[in-house]
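# Summary of structural features
Spelled out, the chains give:
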Amino acid sequence: MERKVGSSTVTAKEVKAALEKTRTLSAEEEKVLRMRHGADASSTRAPLPRAAGDNEELGDELLFIEMQLMKAMRARAAAKTPATKAAAPAAPRARETAANPTKDKIVRALRKKK
């Protein structure tokens, strides 16, 4: 076997092309390679991989959970919107009863200083 002379350089484009072809790397390994060589993600418009894979039953269950979460998020957003628009000014706070004698003593002493 002959020994190679010189050095080789791996470009970000080569790493990006190789990562798009391979399916054997874990997510963390792919992330490390991208960070190490400065290769960006394949496309921002590419669909995300499905967590269910080929399992239809799991896919249906995940879709159902996703629909429930979206419904709850919309309900929460709808509940927040009218409440902030129709917020009435708060009524002046009524004077609290003397529940803490130490606090009252301190407040009286401060009032006398004025």
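Residues numbered from 1 in each chain as written. Predicted model: local features only at pLDDT ≥ 70, side-chain atom pairs only at ≥ 80, totals over all residues. Heavy atoms only, no water.

When its secondary structure is counted, the protein shows four helices and zero strands. Taken from N to C terminus, the helices and strands of the protein fall in the order α-α-α-α. For the protein, the proportion of its 114 residues judged to be buried stands at 4%. For the protein, the computed accessible surface area is about 11600 Å², with 57% contributed by carbon and sulfur atoms. (Helix = DSSP H or I, 4+ residues; strand = E, 2+ residues; numbered from the N terminus. Buried < 20%, exposed > 50% of the residue type's maximum accessible area, 1.4 Å probe, protein only. Areas by Shrake-Rupley, 256 points an atom, 1.4 Å probe, with all protein chains shown as cover.)

Our focus in this paragraph is the confidence of the model for the protein. Chain-level pLDDT for the protein is 79 on average; 79% of the residues reach the 70-or-more range. Taking the mean pLDDT of every element in the protein, the minimum, 85, falls on helix 1 (residues 12-21) and the maximum, 87, on helix 4 (residues 101-113). (pLDDT = per-residue confidence, 0-100.)

This paragraph deals with a nonpolar patch on the surface. On the surface, Leu58, Leu62, Leu63, Phe64, Ile65, Met67 and Leu69 cluster together to form a nonpolar patch covering roughly 620 Å² of accessible area. On the secondary structure map, leucine 58 appears in helix 3 (residues 56-85). (Patch = residues over 30% accessible without salt bridge, like charges linked within 9 Å, V, L, I, M, F, W, Y side chains within 5 Å. Salt bridge = Lys/Arg side-chain N within 4 Å of Asp/Glu carboxyl O.)

This paragraph deals with the pattern of salt bridges. Any two side chains of opposite charge can pair, given that their charged atoms come close. According to the stated counting rule, one finds two salt bridges in the structure shown. Residues arginine 34 and glutamate 30 are paired through a salt bridge, measuring 2.9 Å at the closest nitrogen-oxygen approach. Within this pair, arginine 34 and its partner glutamate 30 are both found in helix 2 (residues 27-37), separated by four residues, close to a single helical turn. For arginine 34, a relative accessible area of 14% translates into the label buried.

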